[in-house]
Every structure is written in structure tokens, then in C-alpha cells.
Amino acid sequence: MIEIKNLTKTFTTADGTVEALKNVSLKIEDGDIYGIIGMSGAGKSTLVRCINMLERPNSGSVIIDGCDMGLLTQKQLRRERRKITMIFQGFNLLMQRNCLSNICFPLELDGIKRADARARAYELLDIVGLSDKAKAYPAQLSGGQQQRIAIARALATNPKVLLCDEATSALDPTTTHSVLELIGDINRKLGITVIIITHQMSVVESVCKHVAILDDGRIVESGEVGEVFAHPKSAAARRLVFPEGEGSAVVVNSSDERFIRVVFNGAHATGTPLIARMAVEEGIEASIAYASTKSIGEKAYGSMLLGITGGEDNVRGAIQYLQKTPDIFVQEVTLNDR
Amino acid sequence: MIDKLFSSETVAEAWQVISTQFPQAIWETVYVTILATAFSVIIGLPLGVLLVAGEKGGVLPLPSWLMHVLNVVINLLRSVPFLILMVLVFPLTRLIVGTVVGTVASIVPLVIAGFPFVSRLVESSIREVNPNIIEMAQSMGASPFQIIVKVMIPESFPSLLSNITIAITTILGYSAMSGIIGGGGLGKIAMNYGYYRYKYLIMIAAVILLIILVQVFQSIGTRAAVRSDKRLKNK
Ligand SMILES: Nc1ncnc2c1ncn2[C@@H]1O[C@H](COP(=O)(O)OP(=O)(O)OP(=O)(O)O)[C@@H](O)[C@H]1O
Ligand SMILES: [Mg+2]
């Protein structure tokens, strides 16, 4: 378990001090995929960098499985960091090494024998689906492939925690989706706790189980993803969930109406025809309780809250139908504060 | 003037000197240059790395007075003209080699002039390394020494190669200059025949050979740097 207690971090610059983190406390359970979302400058990077002490907090503590990271000696900290690895927005591969020896890098640091390191690296290449790129250099790979190699490298030392700082921000929506799927797989298969830092709602919605919203250095809201996004309480959370401004209050038509949230992350569809088609093809009628979508080119982004009547079967049917379209995430939400 | 320069007897005389003395002189110039560059790199590479790693916020922060001393010493050595430096280090040369004249003796001042230059070149190569990659290495628990040896130097290797090539050609030029006061090689021949005995043809031949040597070192170095750089996709 990762416990972050009353973390404070202040930067002193030429033009004054910046309070990047203000009394941040979080608890992250083992095996969770925990999203930390916030606007640019909210302090997200500072927070993850404090978790592995790349940045020393001014006060507060980070306790990982009972071990207080702030109290370790440099040497102990270096050993602990092999258990809490990190992937980055810019991938940060060693450009003069091929993929195989990039993955061997953390093992070399650990003093693992060369033959053993290579065998492990080949295993990891297989896990990330790039066995054919062992001898390729990073410059010869696409962004998505580079991030996969970076993930393989981060997994080399069998970490218990994987920190992802904007790991998909440099990738297009389709590649983002496949990298997130890989991260989800790794979490399920290897049981690694994952912390995902992002400014994109869709990233949190597609893989995270829990989320914390960071605003101006403070955690303003946290909890289960469905819960937080279905009824955001803080202003910052509302801004993220309803980027276009909050629609009018949700109108509940009948008491057996249930709600699903549909998130468009670059799907080749615009909202209304999809809902209309669902009515025609599946015979499931949905009322749009709230919608905030925008299309960029032919792709749709944003989210929608659909009210569906007719009980369990219809709700399931609608979720299944909508999920068939790539880059759409669907999830039932409960509006228990109505 | 021109016909005197190329009269049959001056050509014959020049050819006599070229064929008997040049092979030895070329060899002296090449080995002095390579040895002096090698020693300059042995001293200059660690210093150049320390100039970056030892900074405040670097991977191996050193006391600021030490960094200050290092910078001042390097700047001082870099600002003394080579010929004067040669004279200034006579005592040191005598201490190490036992004499101040001759090919071997010229290596000492060449290294004293070369290593500060190399350390500045290395410094600029090391600064080109992406700081995010260094942070990545830290996040994986690399020690400062591991970061220097496994990240900073290998990642800047192509740039180091091309900078060391610059150092070789500069040191080659210095070695020719050292011919003025006691050094050997092509520089000495150019001085002896061209300056003291007005045998211009021999001097010109020596200069042409120096130019060819610079070209050869430069093109080998450039090719090696390009070939070693894995960031270039189409090779
Ligand atoms: N090394 C530093 N020196 C001074 N100020 C800093 C430093 N690092 C971060 N800050 C400041 O701290 C605040 C939080 O920065 P941080 O990088 O954590 O934001 P972020 O949430 O990751 O933003 P983004 O989404 O743009 O990456 C910002 O106001 C930033 O200017
Ligand atoms: Mg950031």
C-alpha cells in the first residue's frame, strides 16, 4: 500500500515561491490502478516525483509498504527505486542503445549477469508484443512502440509500483488506447499497482479504478472512478467532467430510468446518429440527459449521459451495442443523489 | 621568383629532402599528435564530465569552491598562447622527459595545452544529453557513477567523437608550431628549410602534407561519429 501523508512541496524561484503541493494525502491499495488527474500546473508531476523522492517534499511523508521513503539513505533509496519504476511522456529511451539493451539497462544497474538480463529482456519484449524489435534502435520505432519498450524496461526489475507521468500524452487516441490496454493487462496479470498521471479524462475512464482530482496543489476529490465522474462535487472535478460548462440539471423522466455514461475518445461517430441507430437496430431508446461532445475532424470527443428505461436487459444491451464502436467507453452510473 | 622556385636544381634538392626526411617527419607528427591527444583525452574527459556533473543540481554535486578552481585553471591554461605555454612548461617538461627539445619532449606542452581544450569540448558534448534521460536513470536507482558511465558518456558518444576530432586537428596544428622551439616532425622541417634557409619548396611540401593530415584525421573522425550515431534513421 502507498500512503501519502500531508505532503507539501514549495519551489523557490527568482520570482517568488510556488506552492506546488499543499497538504496532499492519499491512500493507494495494492493492485489498484489509480488515476491522478488535474489541469496543467496542478502539481501532478511534482506529486509522482515525490513518490520516488526524485523531488524531496518539504514536509509530509510517503510510505510504501510500511517503508518511509523520506528516511532512506541514498543507497537504500536507489534500491527501493528499482521497485517503483516510472514511465514518461517523452519515453526517455537511451537513443544510442537498441531496444534489447534499453530493457537490460535497469538490470545492469542492479548488477545482473548479462546472459540473465538478456533472457529477461526477451521475455519482456514478448509481453509488450515487440519481439521482432530487439535489435532496432529507438529512433527506428513509432511513439507507441517506444512507449512499449519503455514499459518493458520499467517492468524489468519486477517492480511493485509503476508510475506513469503523462505516459500517453504524446500518442494519438488509438495508440493511447492500446498502450492503456497494455498497462491494464500488466496490472491484472502481474498485480502491479499502477499510478497514472494525466490531464485527459478519457485515460482515467478507460483504465483506472480510483481517481483523485488535483487542483492547484490540493486533492479536491477522490474515490471510485464511476462515482466521482457520475456526480462530481468539487468545481475542479466539474470542470474536468463537463469541460464545456455544466448542462442543466439532469432530468429524470421516470423512476425506473437508469443512466449510462458514454465517453467518446476520438471515436468515428457523432453522438446523435449513434443513439438513433441504437434505437433502430436494437430497439433501445435512450434519452440524452446530458451531453458535452465536440467533433474534431470526423472524430468525436467528450461525454454523454444517457437515460435508459426498460430495466437490466436494455441497459446491458445498450452498453454492449455502444461498446462495439472503437474508442467509446461506456459505464453505468448511479445517480444516487437525486 | 616562380621559375627560381621550380628550377631543376631546387626541385632536385627538395626531392632529396622530401624522400629522405619526410617519412620520418610524417611519422613523428602523427604519433606526437595521437599520443598528445590520447593523454589530453585521458585528463580532459573526466574533467569535462565533472564540469557538468559537479554543478549544483548535477548528478554529483561538488563543493562550489572546487568547481570554481577547476573553471579558473582551465580558462587560464586556455588563454595562454601555445608558444608561450611551451616555454612556461619547460621546467615540467625537463622533469618528466629529461630534456626540452625533441619530439617526445613536445608531447608535454601539447598535453598541457590540449587537456583544457578537450575538457571544454567534452563539457559541451555532455551538456547535450537530454536531462529527462538522466532523470529516468535516477528514477531507476542509478548511482552517480553509473549515470556518468552508462548514460552521459554513451549517449553523447557521437558528439564526443566529433569533438575529439576537432581536438586532434588542433593539436596537430600545435605540434607543427612546436617545431619552432625544439619539437620534431613536419613543423620542424618547414621551419628549418623555409624560415632559416629559404627553401620554400620544401616548406610548401611540408605544409601540404600537414593539410593532407588534417583532412585525413577530420574525415576519419567525421565518418566514425556519423556511423556511431544510432539516432540517425537512414543508414
Ligand atoms: N523545478 C521547479 N522549480 C520551480 N517551480 C516548479 C518546478 N517544478 C514545478 N514547478 C511549479 O510547480 C507547479 C506544479 O508543476 P507540475 O509540473 O507538478 O504540474 P503538472 O500538474 O504536472 O502540470 P502539467 O500537466 O503541465 O505537466 C507549477 O506551478 C510549476 O510551475
Ligand atoms: Mg506534468
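Residues numbered from 1 in each chain as written. Chains lettered and ligands numbered in written order. Predicted model: local features only at pLDDT ≥ 70, side-chain atom pairs only at ≥ 80, totals over all residues. Heavy atoms only, no water.

Our next topic: the interface of chain A and chain B. Of the residues lining the interface, 24 residues belong to chain A; the matching set on chain B comes to 23 residues. Each partner contributes to the roughly 2200 Å² buried at the junction of chain A and chain B, and carbon and sulfur atoms together form 59% of this total. With a closest N to O distance of 2.9 Å, Lys150 of chain B and Glu108 of chain A form a salt bridge. Put simply, chain A and chain B have eleven residue pairs in polar contact (both at pLDDT 80 or more) between them. Elements with a minimum of two residues in the side of chain A that touches chain B: helix H2 (74-81), strand E6 (84-88), helix H3 (99-109) and helix H5 (143-155) of chain A. Considering every element that reaches the side of chain A that touches chain B, the biggest residue donor is H3 of chain A, with four residues. For the side of chain A that touches chain B, the per-class residue count stands at 13 nonpolar, four polar and seven charged. (Contact = heavy atoms within 4.5 Å. Buried area = accessible area lost by both parts, 1.4 Å probe. Salt bridge = Lys/Arg side-chain N within 4 Å of Asp/Glu carboxyl O. Polar contact = N/O pair within 3.5 Å; in protein donor to acceptor, adjacent residues only side chain to side chain. Helix = DSSP H or I, 4+ residues; strand = E, 2+ residues; numbered from the N terminus. Nonpolar A, V, L, I, M, F, W, Y, C, P; charged D, E, K, R; others polar.)

A separate point is the nonpolar core. In terms of nonpolar packing, the biggest core is built from 57 residues, with Leu47 and Ile195 of chain A touching the most fellow members. Counting 52 residues, the second-largest nonpolar core is a separate cluster that includes Ala150, Leu162, Ile213 and Ala237 of chain A. (Core = buried A, V, L, I, M, F, W, Y, C linked by side-chain atoms within 4.5 Å. Buried < 20%, exposed > 50% of the residue type's maximum accessible area, 1.4 Å probe, protein only.)

Residues and elements named next belong to chain A. Surrounding ligand 1, one finds 13 residues, the nearest of these being Ser40, Gly41, Lys44, Ser45 and Thr46. Within the contact set of ligand 1, an oxygen atom lies 3.2 Å away from a backbone nitrogen or oxygen of Ala42. For ligand 1, an oxygen atom lies 2.7 Å from a polar atom in the side chain of Ser45. Here ligand 1 loses 61% of its free accessible area of 630 Å² to cover by the protein chains. Among the secondary structure elements, those contributing two or more residues to the shell around ligand 1 are strand E1 (2-13), strand E2 (16-28) and helix H1 (44-51). Here the element with the most residues in the shell around ligand 1 is H1; it accounts for three residues. Of the residues in the shell around ligand 1, the class split is five nonpolar, six polar and two charged. (Near = heavy atom within 4 Å. Areas by Shrake-Rupley, 256 points an atom, 1.4 Å probe, with all protein chains shown as cover.)

Should the pLDDT be low somewhere, the predicted coordinates at that spot are not to be read in detail. Put simply, chain B has an average pLDDT of 92, and 98% of its residues get 70 or more. Under the prediction, the complex receives an ipTM of 0.89, its pTM being 0.84. (pLDDT = per-residue confidence, 0-100.)

Residue and element names in this part refer to chain A. A sheet is described by the order of its strands in space; here six strands give the open sequence E6-E7-E8-E3-E9-E10, paired in mixed fashion. The sheet is open, and its two edges are formed by E6 and strand E10 (218-224), each paired on a single side. Pairs of neighbouring strands in the sheet enclose a mean axial angle of 15 degrees, with direction left out of account. Along the sheet, H5 makes contact with E6 and strand E7 (161-165), crossing E6 at roughly 170 degrees. The sheet contacts of helix H6 (residues 173-190) involve strand E3 (33-37), E6, E7 and strand E8 (193-198), and relative to E8 the element is tilted by about 155 degrees. (Pairing = 2+ DSSP bridges. Axes fitted to C-alpha atoms, helices over the stretch in contact; angles between N-to-C directions.)

Okay, the pattern of salt bridges next. Residues and elements named next belong to chain A. This model, assessed by the stated rule, comprises 21 salt bridges over all chains. With its nearest N and O atoms 2.6 Å apart, the salt bridge here joins Arg316 to Glu312. Of this pair, Arg316 and Glu312 both sit in helix H11 (residues 311-323), four residues apart, which is roughly one turn of that helix. For Glu312, a relative accessible area of 36% translates into the label partly exposed. Put simply, Arg258, Glu312, Arg316 and Glu332 are held in one network by salt bridges that share partners.

So, about the environment of Val194 of chain A. For Val194 of chain A, the position within the fold is in strand E8. Spatially, the C-alpha atom of Val194 of chain A lies 20 Å from that of Leu7 of chain A, the residues being 187 residues apart in sequence.

Per the stated rule, a full pass over the model turns up zero disulfides over all chains. Here Cys67 of chain A is not disulfide-linked; the sulfur of Cys50 of chain A is the nearest cysteine sulfur, at 16 Å. (Disulfide = S-S within 2.5 Å.)

All names here are of chain A. Read from one edge to the other, the open sheet built from four strands follows the order E2-E1-E4-E5, with strand pairing classed as antiparallel. The open sheet has two edge strands with one neighbour each: E2 and strand E5 (67-68). In the sheet, E1 pairs with E2 via nine bridges, with the strands oriented antiparallel. Among the inter-strand pairings, Thr10 is bridged to a residue of E2, identified as Glu19.

To continue, consider the packing of helix H2 (residues 8-53) of chain B against helix H11 (residues 200-228) of chain B. Residues and elements named next belong to chain B. Where H2 meets H11, the closest approach of the two axes is 9 Å, and the angle between their N-to-C directions is 35 degrees. Our pair here, H2 against H11, has a crossing hand that is right-handed. Counting all contacts with H2, which are made through Thr10, Val11, Ala14, Val17, Ile18, Phe22, Ile26, Thr29, Val30, Thr33 and Ile34, the residues of H11 involved are Leu201, Ile202, Ala205, Ala206, Leu209, Leu210, Leu213 and Phe217. Its residues assigned to classes, the contact of H2 with H11 comprises 16 nonpolar, three polar and no charged. (Left-handed = near helix turned anticlockwise from the far one by under 90°.)

Turning to the pairing of E8 of chain A, a few remarks are in order. Residues and elements named next belong to chain A. Burial analysis of E8 places six of its six residues in the buried class, the great majority of the element. By the alternation rule, side chains of E8 split into Thr193, Ile195 and Ile197 and Val194, Ile196 and Thr198, which are all buried. For E3 and E8, the ladder comprises five bridges, and the chain directions are parallel. Paired with Ile36 across the strands is Ile197, a residue of E8. Looking at chain direction, E7 and E8 are connected through five bridges and run parallel. Its bridge partner being in E8, Leu162 is matched across the sheet by Val194. For the crossover that starts at E7, traverses H6 and ends in the parallel E8, the hand is right-handed. (Right-handed = clockwise from strand over helix to strand, strands pointing away.)

Because an α-helix completes one turn every 3.6 residues, residues spaced three or four positions apart along the sequence face the same direction. Restricting attention to buried positions, one finds in helix H8 (residues 144-155) of chain B the residues Gln146, Ile147, Ile148, Val151, Met152 and Glu155 of chain B. Those residues of H8 of chain B that are buried are in contact with H3 of chain A together with H2, helix H6 (103-127), helix H7 (131-139) and helix H9 (157-177) of chain B.

Moving on to unusual backbone geometry. All names here are of chain A. Although it is not a glycine, Asn6 adopts a positive phi angle of roughly 45 degrees. Its place among the elements puts Asn6 in strand E1. The backbone of Phe91 sits at a positive phi, close to 70 degrees, despite the residue not being glycine.

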